[in-house]
Amino acid sequence: MGGLRLSAWAAAPSPSPSPSSAAARGFPRSPPDWRGSERGRRSRCAPSSPPSASPALSLGAAGRLRVGADREWLWDCRGGGLGGGGGKKDYAKEMEAAVRVVQVACTLCQRVQDALLLADPGSGSGGVHSKLDRSPVTVADWGVQATVSWLLSDRFGDESVSIVAEEDDETLSSSDGTALLESVVAAVNGCLVEAPKYGLRSPEKDLGAHDVLQAIRKCSSTGGPKGRFWVLDPVDGTLGFVRGDQYAIALALIEDGEVVLGVLGCPNYPMKKEWLNYHQRYYRLMSKVAPPTSGTWNKGCVMYAHKGCGQAWMQPLVHDFGMLSWHNSREVQVSSVSDPVSATFCEPVEKANSSHSFTAGLAHSVGLRNQPLRVYSMVKYAAIARGDAEIFMKFARGGYKEKIWDHAAGVVIIQEAGGVVTDAGGCPLDFSRGVYLEGLDRGIIACSGALLHRRILEAVDASWNSSTL
């Protein structure tokens, strides 16, 4: 269903304003309370909707904001933004900048990934390194972090920008990191010089090594319940990235503990749902055999959403289309599938921090019969928001703590596309307690609709005591 709907969107004009698609189908904008009095957990969950004093988005009566004589920043916020009372707060500039910045980051990643895949495996020049926890890291991770940091600081003022991000500069600043740092600096400057193509400003001269390190170090905020900060995962799914498969660039804005907007860049996400079942190397091979028509949207997108608007959008990559045009954006919606027999569920590829056996048992108990869609990174969130899958379940192994940058952008996009995201106790994810999702009840469950969500919660309760997690 999702694939068919996408094909229609690709040729359709931009949707006209109408009542929120999420509300029209009966999906809540905020996670519902499915716990029931018999579970005795109501008091543990924070209110699922923002307090009445929360700021609302203000974009004018037409729902559009002009950003220049030659282009229009299209944003049709049907839901009216955050909250329903109090003062109005305009996040349109932040949303516009975030989409443009993630588009630049996608270009950097595509270039680095292409170089990695072309490198001779035996040459030792692949550019893949290991962190202290043995997870991979590449030039793209540091390059994107430095690029996003510089662009946001340039756009909003250095003193006004606070960023929580995954990478630090320890490896690059070491005596053994000189050559690696040079590669990162080259990747950053190679993208920043093209920033005007994305509607952003380039630096007056190339950044030096010190400038790049400073941009990376700036991303050292620890988050918390007060104030405004950006949350960045420069390359979510680095393992998929180095293997030529799926990965995502994730950027979100959090204010006073609430995720107010999210942007996901998914450079390898195919526009045809069927291609999600194939490894990207095979997709690349087939693309060479039968190249896509010039100017067609065959893969790659940037998704974005603002909390409270009741809609989410996607647009093609500037790197592939050659220009950024808001008129190319298309609204995305979750699937209408509610029968578990027809539903598809996503789970992480990696087994190190997720239990495939437990999710397989849950899938069977609720009647899911389709093979799981194992996808790297927050592309799983994108798949649900776009209607290509209906369920995402993740239950971490003991000792693993979920980080806010792995979920913030994806959660708000699914919710505004009409879906539901909570922990396994039915509580909203709490992004106000630092870099970790503290207080998480067992795992994370994202669904396209309320009925599937409730059935998964009930299955977790019924089987948890017999699990080994």
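Residues numbered from 1 in each chain as written. Predicted model: local features only at pLDDT ≥ 70, side-chain atom pairs only at ≥ 80, totals over all residues. Heavy atoms only, no water.

By the naming in an unreviewed UniProt entry, the protein chain goes by 3'(2'),5'-bisphosphate nucleotidase and is assigned to Aegilops tauschii subsp. strangulata. Per UniProt, the protein chain carries the Cofactor (unreviewed entry) text "Mg(2+)". Within the UniProt record for the protein chain, the comment given under Sequence similarities (unreviewed entry) is "Belongs to the inositol monophosphatase superfamily." (UniProt positions renumbered as here; feature names shortened; annotations may be inferred.)

Enquirer: I would appreciate a short explanation of the sheet that holds strand β17 (residues 420-423) in the present structure.
Expert: Hydrogen bonds along the backbone pair up the strands of a sheet, which may run parallel or antiparallel. As summarised here, the arrangement of the five strands in space is β15-β14-β16-β18-β17, forming an open sheet in which the pairing is mixed. Looking along the sheet, the strands with just one partner apiece sit at the ends: β15 (373-374) and β17. Here strand β14 (residues 345-347) runs beside β15; their pairing, made up of two bridges, is parallel. Bridge pairing in β15 links C346 to L373. The sheet contacts of helix α13 (residues 408-416) involve β17 and β18 (443-447), and relative to β17 the element is tilted by about 135°. Where helix α14 (residues 450-463) meets the sheet, its contacts fall on β16 (391-395), β17 and β18, and the angle it forms with β18 comes to roughly 155°. (Pairing = 2+ DSSP bridges. Helix = DSSP H or I, 4+ residues; strand = E, 2+ residues; numbered from the N terminus. Contact = heavy atoms within 4.5 Å. Axes fitted to C-alpha atoms, helices over the stretch in contact; angles between N-to-C directions.)

Enquirer: What is the right way to look at the packing of helix α6 (residues 178-192) against helix α7 (residues 209-217) in this model?
Expert: Helices that pack against each other are described as a pair by the angle of their axes relative to one another and the distance between those axes. Running from N to C, α6 and α7 point in directions that differ by 85°, and their axes come no closer than 10 Å. Relative to α7, the element α6 is oriented roughly perpendicular. Facing α6, whose interface residues are L181, V184 and V185, α7 presents A209, V212 and L213. Grouping the amino acids of the contact of α6 with α7 by side-chain chemistry returns six nonpolar, no polar and no charged. (Parallel < 35°, antiparallel > 145°, perpendicular 65-115°, else oblique. Nonpolar A, V, L, I, M, F, W, Y, C, P; charged D, E, K, R; others polar.)

Enquirer: What's the story with the UniProt feature "binding site: Mg(2+)" (unreviewed entry) in the protein chain in this structure? I'm lost.
Expert: Residues given the UniProt feature "binding site: Mg(2+)" (unreviewed entry) here are E166, D233, D236 and D406. Across 241 residues of sequence, these annotated residues stay compact in space, with a maximum C-alpha separation of 9.5 Å. Inspection of the secondary structure puts D236 in strand β8 (residues 228-236). Look at D236 and you get buried, because its relative accessible area is 8%. Ignoring sequence-local partners within four residues, the contact set of D236 consists of Y247, A248, S377, M378 and D406. Relative to the elements of secondary structure, D406 occurs in the loop between β16 and α13. (Buried < 20%, exposed > 50% of the residue type's maximum accessible area, 1.4 Å probe, protein only.)

Enquirer: Is there a simple way to think about unusual backbone geometry in this case?
Expert: It is generally the case that most residues other than glycine have a negative phi and that most peptide bonds are trans. Non-glycine residue S377 carries a positive phi angle of around 70°. Given a relative accessible area of 7%, S377 falls into the buried group. Phi at R442 takes a positive value of approximately 65°, unusual for a residue other than glycine. Position of R442 relative to the elements: it lies in the loop between β17 and β18. Given the relative accessible area of 18%, R442 is considered buried.

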